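Descriptive analysis of the structure
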Amino acid sequence: ETLFGPEPDDAASDNGDAARPVPPGVETSADLHFTLINTDELFAAFLEDLRKQPRFAFDTETDSLSPISASLVGISISWQPGTGYYIPVLCPQGSMAIQCDRALAGLKPILEDPTIKKVGHNIKFDMLVMRAAGIELRGIEMDSMVASFLVDASRMQYGIDSLALSLLNFQKV
């Protein structure tokens, strides 16, 4: 079962192709724990926990690759190995989501706090998305895309999928 219910038999990868088989010995997200934050009660409890964290990974989900004109769809956050939280703010009719303005208002003091460190992959994109939403992302500690370039500038790809597989033996599914 996935974050959004039963996994379809013909799951597709994020590039639209049929899902790749997982090679033996490669880890996947099958044994990880993800929490969907889609009610005001869950969001309040989540914010209480997030405020206590000195550092967390942060990612935005948008409906476009243009950070300035994109609409925010959701926010992913994690501060502990093997766990993650997803806050939907835009989803199909009939699905439960946190109102975008409410989510942004709750997250703003945390995202703008320079003493709480944020890490991400291509975090410049997320910073621009947040800026367009009225939040100045502060406390950026690391960008794994930049770090991967510094480690190996000869790579042909710096996308999270290829890096996870080649450096961490982890295949996103």
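For the structure, see preceding data.
Residues numbered from 1 in each chain as written. Predicted model: local features only at pLDDT ≥ 70, side-chain atom pairs only at ≥ 80, totals over all residues. Heavy atoms only, no water.

**Quick notes on the overall build of the chain**
- The helix and strand tally for the chain stands at 5 helices and 6 strands.
- Along its sequence from the N terminus, the chain presents helices and strands in the succession β-α-β-β-β-α-β-α-β-α-α.
- For the chain, the proportion of its 173 residues judged to be buried stands at 35%.
- Of the contacts made within the chain by residues no fewer than 6 positions apart, 56% connect residues no fewer than 24 positions apart.
- Counting every atom, the chain has about 10600 Å² of accessible surface; 56% of that belongs to carbon and sulfur. (Helix = DSSP H or I, 4+ residues; strand = E, 2+ residues; numbered from the N terminus. Buried < 20%, exposed > 50% of the residue type's maximum accessible area, 1.4 Å probe, protein only. Contact = heavy atoms within 4.5 Å. Areas by Shrake-Rupley, 256 points an atom, 1.4 Å probe, with all protein chains shown as cover.)

**Examining unusual backbone geometry**
- For N122, which is not a glycine, the phi torsion comes out positive at approximately 60 degrees.
- Of the residues examined, N122 reaches a relative accessible area of 28% and is grouped as partly exposed.

**Focus: the side chain of H121**
- By the secondary structure assignment, H121 is in the loop between β5 (117-120) and α3 (123-132).
- Within the local environment of H121, its side chain forms a polar contact with the backbone nitrogen of M145, the two atoms lying 3.4 Å apart. (Polar contact = N/O pair within 3.5 Å; in protein donor to acceptor, adjacent residues only side chain to side chain.)

**Section: the sheet that holds strand β1 (residues 33-36)**
- Taken in spatial order, the 6 strands line up as β1-β4-β3-β2-β5-β6 in an open sheet, and their pairing is mixed. Taken across any chain shown, the strands that pair with only one partner, and hence form the sheet edges, are β1 and β6 (140-143). Direction aside, the axes of adjacent strands within the sheet are offset by 25 degrees on average.
- Of the strands in this sheet, β2 (55-62), β3 (72-78), β4 (83-88) and β5 touch helix α2 (residues 100-111), which is tilted by about 40 degrees from β3.
- In the packing of α3 onto the sheet, the strands contacted are β2, β3, β5 and β6, and the crossing angle to β2 comes to about 70 degrees. (Pairing = 2+ DSSP bridges. Axes fitted to C-alpha atoms, helices over the stretch in contact; angles between N-to-C directions.)

**Some remarks on a nonpolar patch on the surface**
- On the surface, V146, F149 and L150 cluster together to form a nonpolar patch covering roughly 320 Å² of accessible area.
- Take L150: its relative accessible area is 68%, and that puts it in the exposed class. (Patch = residues over 30% accessible without salt bridge, like charges linked within 9 Å, V, L, I, M, F, W, Y side chains within 5 Å. Salt bridge = Lys/Arg side-chain N within 4 Å of Asp/Glu carboxyl O.)

**Side note on the nonpolar core**
- One finds F43, F46, F56, I77, I87, L107 and M130 to be the most contacted residues of the largest nonpolar core, which totals 27 residues.
- Looking at this core, the elements that each hand over two or more residues are α1 (40-51), β2, β3, β4, α2 and α3.
- Sorting elements by how many residues they give to this core places α2 first, with 5 residues. (Core = buried A, V, L, I, M, F, W, Y, C linked by side-chain atoms within 4.5 Å.)

**Some thoughts on the environment of T115**
- Within the secondary structure, T115 is located in the loop between α2 and β5.
- Taking C-alpha positions, T115 is 7.4 Å from P54, a pair spaced 61 residues apart along the chain.
- Among the polar contacts listed, one links the side chain of T115 to the side chain of D113, at a separation of 2.6 Å.

**Notes on the packing of α1 against α2**
- Contact geometry for α1 and α2: axes closest at 10 Å, N-to-C directions at 10 degrees. Judged on the interaxial angle alone, α2 and α1 are roughly parallel. Mapping the contact onto sequence places D40, F43, A44, F46, L47, L50 and R51 in α1 and R102, A103, G106, L107 and I110 in α2.
- Along the lines of polarity and charge, the residues of the contact of α1 with α2 split into 8 nonpolar, 1 polar and 3 charged. (Parallel < 35°, antiparallel > 145°, perpendicular 65-115°, else oblique. Nonpolar A, V, L, I, M, F, W, Y, C, P; charged D, E, K, R; others polar.)

**Brief notes about the packing of aromatic side chains**
- One pass over the full model with this rule turns up 3 aromatic pairs.
- Arranged with centres 5.3 Å apart and planes meeting at 50 degrees, the rings of F46 and Y85 form a pair that is tilted. Taken together, the residues F46 in helix α1 and Y85 in strand β4 connect sequence positions 39 residues apart.
- Assessed through its relative accessible area of 3%, F46 is described here as buried.
- Ring geometry for W79 against Y85: centres 4.8 Å apart, planes inclined by 15 degrees, an arrangement best described as stacked. In this pair, the class of W79 matches that of Y85, namely buried. (Phe/Tyr/Trp six-rings, centres within 6.5 Å; stacked < 30°, edge-to-face > 60°.)

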